[in-house]
Amino acid sequence: MFESLKNLLKHFTGSQETESAVPETKSQPQSASTPASTTSAAEESLNQYISLGQFNLGLGSIGPDNRDDIDKNVLVQMYQSIAAGTFNVPANGAVPEICVDGRTKADGSRFSAPCAAGGTLSIVYGGDLGGGSAAGDVNELQLTTQAINTLKSKGHSTGVHGDDHGPCGCGACAKAPTIYQHISERINDIAALVGKLGIDVTESEKGSIVQQAKNRLGQAGFFAEDRAAVLQAAQECGALYEELVGKHNELGIALNTKPGTTIDRAAIRAKYGPQYDMFVVDAWAFGNAAKDINASGSDDDAQRIAKAITIQNVATASILGHGSLRIIPIA
Ligand SMILES: [Zn+2]
C-alpha cells in the first residue's frame, strides 16, 4: 500500500528496496491478547491503520479519542473512502505551499495546492534541518526569506496561514522551536514511523538532522520570539496568506502520494459532517521541494532534505496531535 510513496521517494532515499520491502507485514492487532468482547468491529477496522501512539508519539490533544461528537463507524467509513482516493482532486503546483491544517477559510474553501506542515515553512524548516548548513549567522526570518526567494526563482508559488483568533494561528510555525526540540529528543521514534512508511532514515542522516536541530536550539536568537513575525516575513516576500477559521477537528492524517493531487477538505465535510476534518500531507511533493531548495546540488543532500521535510511533518503532527491520530495512506 505504500508502494508509490516508496517509488516516489526512492530517488531521495537511497533506494533501500530490500529493507523497505518489510513493512507490509501488517501485524493484525493482537486480537489474541485483547478480549474479543471489548474490541468492536469499528475498533478493529481502525487498528488497520498505524497511529502516532504506536510509536510513542502524539503529545498533543487533536485526535479521535478526545472527541465525543463523532461516530466511530462513520470514522471508519471516512478513512476507507479517503484511502480509496475518493477525495483526491487536482492541485496546482509541484511543491508544498499550504498547511496540512484541516480547517478552511470562512467560505469553506482552501487554496488548491500541495500541503505540508506550515505550508512553505515546511520547506524552510526541512531545508534547514536536512541541509545542515553550518552558518550560525542566519536566523529563522532570514532563512524564511531566502527559501521563499529561491522557490520563487524556480517558478513556485508560496504560502503560509494564520487563523481568525490567534496571533500565530499556524501550529507548525507557533511551535517550531518545540518541534525542533522534539526532533532532537525523539528522532528514533519519528524515524521508526517514517520507516514504517517505507522511507529509511540512516543513522548518519538521523545524526546530522539532530545535530542541526540542536545547533539551532542553541543559537541565541535563531527563532523569532514573536512567532507571527515569521508569517509576516513570508508574506512580505510574496507568500500567499490563508486565514483559517474555527477549531481543530482533525481525526487523522491523510498521507497522499498521488502526484498532482490533494485532498478536498470541503468534500469530506459535505459527506460526513462539519466536524469531520483531516490533516492533509501531500508527500509526493516533498522530493520536488528538496531538489529545488537544495543549494549544493548533491543528491545525498537532496535526499536528506526530503527526509527532513518528512520528519518535520511527523514531528509537527506529534506535537499537535494525539496518539489516536491515524495515518491513512493514499497510494
Ligand atoms: Zn499551519
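Bear in mind the structure is a predicted one, so any value in this text is a computation, not a measurement. All residue numbers here refer to positions counted from 1 along the written sequence of the relevant chain. With the structure being a predicted model, the display of local features is reserved for residues of pLDDT at least 70 and the display and counting of side-chain atom pairs for 80 or more, all residues being used for whole-chain, interface and lining totals.

Participant: Is there a simple way to explain the environment of H322 in this structure?
Facilitator: Along the chain, H322 turns up in the loop between α13 (299-320) and β9 (326-330). Any residue with 12 or fewer other C-beta atoms within 10 Å of its own C-beta is exposed, any with 20 or more is buried, and the rest are partly exposed; the C-beta atoms used are placed from the backbone. Judged by the 22 C-beta atoms lying within 10 Å of it, H322 falls in the buried class. Each C-alpha atom, one on H322 and one on L57, is 7.8 Å from the other, the two residues being 265 residues apart in sequence. Helix and strand assignments come from DSSP, with helices taken as H or I runs of at least 4 residues and strands as E runs of at least 2, each series counted from the N terminus.

Participant: Teacher, can you tell me more about the nonpolar core here?
Facilitator: Across soluble globular proteins, nonpolar side chains have a tendency to be buried as a group. The term nonpolar core refers to a group of buried residues, namely Ala, Val, Leu, Ile, Met, Phe, Trp, Tyr and Cys, whose C-beta atoms join them within 7 Å. Core analysis: the largest hydrophobic core is formed by 87 residues, its most contacted members being I183, I190, I253, A254 and V281. Here this core takes eleven residues from α13, the largest share from any one element. A pair of residues counts as a contact when their C-beta atoms, built from backbone coordinates, are separated by no more than 7 Å. Residue contacts for V281: discarding those within four places in its chain leaves V100, C115, A116, I253, A254, L255, N256 and N313.

Participant: Teacher, can you tell me more about the sheet that holds β9 here?
Facilitator: As a general point, the strands of a sheet are linked pairwise by backbone hydrogen bonds and lie either parallel or antiparallel. On the basis of which strands lie adjacent, the open sheet formed by three strands has the order β8-β6-β9 and parallel pairing. Among the strands making up the open sheet, the edge pair consists of β8 (277-282) and β9. Taken pair by pair, the neighbouring strands of this sheet meet at an average axis angle of 30°, ignoring direction. Of the strands in this sheet, β6 (250-256), β8 and β9 touch helix α4 (residues 72-83), which is tilted by about 35° from β9. What makes two strands pair is DSSP finding at least two bridges between them. To define axes, lines are fitted to C-alpha atoms, for helices over the stretch in contact only, and angles between the resulting N-to-C directions are given on a 0 to 180 degree scale.

Participant: Would you explain helix α8 (residues 176-196) in this entry?
Facilitator: Three or four residues apart is the spacing at which side chains of an α-helix point the same way, because the helix has 3.6 residues per turn. The terminal C-alpha atoms of α8, which comprises 21 residues, lie only 25 Å apart, well short of the 30 Å expected from a rise of 1.5 Å per residue. Bend at a given residue is defined as the angle between two axes, one fitted to the seven residues that end at that position and one fitted to the seven that begin there. The principal kink in α8, of about 85°, is found at R186. Buried residues of α8: A176, I179, Y180, H182, I183, R186, I187, I190, A191, L193 and V194, and no others. Of the surrounding elements, those touching the buried residues of α8 are α5 (120-131), α7 (171-174), α9 (203-218) and α13. A positive backbone phi angle near 95° is found at G198, which sits one or two residues after α8. Residue count minus one, scaled by 1.5 Å, sets the expected span of a helix.

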